[in-house]
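A look at the structure
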Amino acid sequence: MENILHSRLTLHFYGGVDEDGKEVFKTKTFSNVDNTATNEQLKKTAEALASLQEFTLETVTRSNMYDVFN
């Protein structure tokens, strides 16, 4: 079984266009996410958090750090 040490949830938002016409993206990262949280639970959490933001949610990523020796 995999031994997850830490999980992190990152929300990626479309922030519009800058003065040079380039697309701008913004991120919000949440550390210390419960290692046992399912992807579906994190999806619902991300959607709830995104509803509080001014920018449009583009993607959501989960990053896990594993102990490879156990």
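Overview of the structure. What you see is a predicted model; the values in this text were computed from it and never measured.

What follows covers the packing of aromatic side chains. Geometry of an aromatic ring pair is reported as the spacing of the ring centres plus the angle between the planes. Per the counting criterion, the structure on display carries one aromatic pair. On the numbers, 5.6 Å between centres and 65° between planes, the contact of Tyr14 with Phe25 is edge-to-face. In this pair, Tyr14 is assigned in strand E1 (residues 4-17) and Phe25 in strand E2 (residues 23-33), connecting sequence segments eleven residues apart.

A few words on a nonpolar patch on the surface. On the surface, Tyr66, Val68 and Phe69 cluster together into a nonpolar patch covering about 400 Å² of accessible area. Examined against the element boundaries, Tyr66 turns out to sit in strand E3 (residues 56-66).

Of note, Asp67 is situated in the segment after E3. Notably, Asp67 is buried but unbridged: the nearest opposite-charge side chain belongs to Arg62, and the N-O separation is 16 Å. At 3.1 Å, the side chain of Asp67 and the backbone nitrogen of Phe69 are in polar contact. Filtering out sequence-adjacent residues up to four positions away, Asp67 remains in contact with Asn3 and Leu5.

Thresholds applied
- Residues numbered from 1 in each chain as written.
- Predicted model: local features only at pLDDT ≥ 70, side-chain atom pairs only at ≥ 80, totals over all residues.
- Heavy atoms only, no water.
- Phe/Tyr/Trp six-rings, centres within 6.5 Å; stacked < 30°, edge-to-face > 60°.
- Helix = DSSP H or I, 4+ residues; strand = E, 2+ residues; numbered from the N terminus.
- Patch = residues over 30% accessible without salt bridge, like charges linked within 9 Å, V, L, I, M, F, W, Y side chains within 5 Å.
- Areas by Shrake-Rupley, 256 points an atom, 1.4 Å probe, with all protein chains shown as cover.
- Salt bridge = Lys/Arg side-chain N within 4 Å of Asp/Glu carboxyl O.
- Buried < 20%, exposed > 50% of the residue type's maximum accessible area, 1.4 Å probe, protein only.
- Lys, Arg positive; Asp, Glu negative; His and termini not counted.
- Polar contact = N/O pair within 3.5 Å; in protein donor to acceptor, adjacent residues only side chain to side chain.
- Contact = heavy atoms within 4.5 Å.

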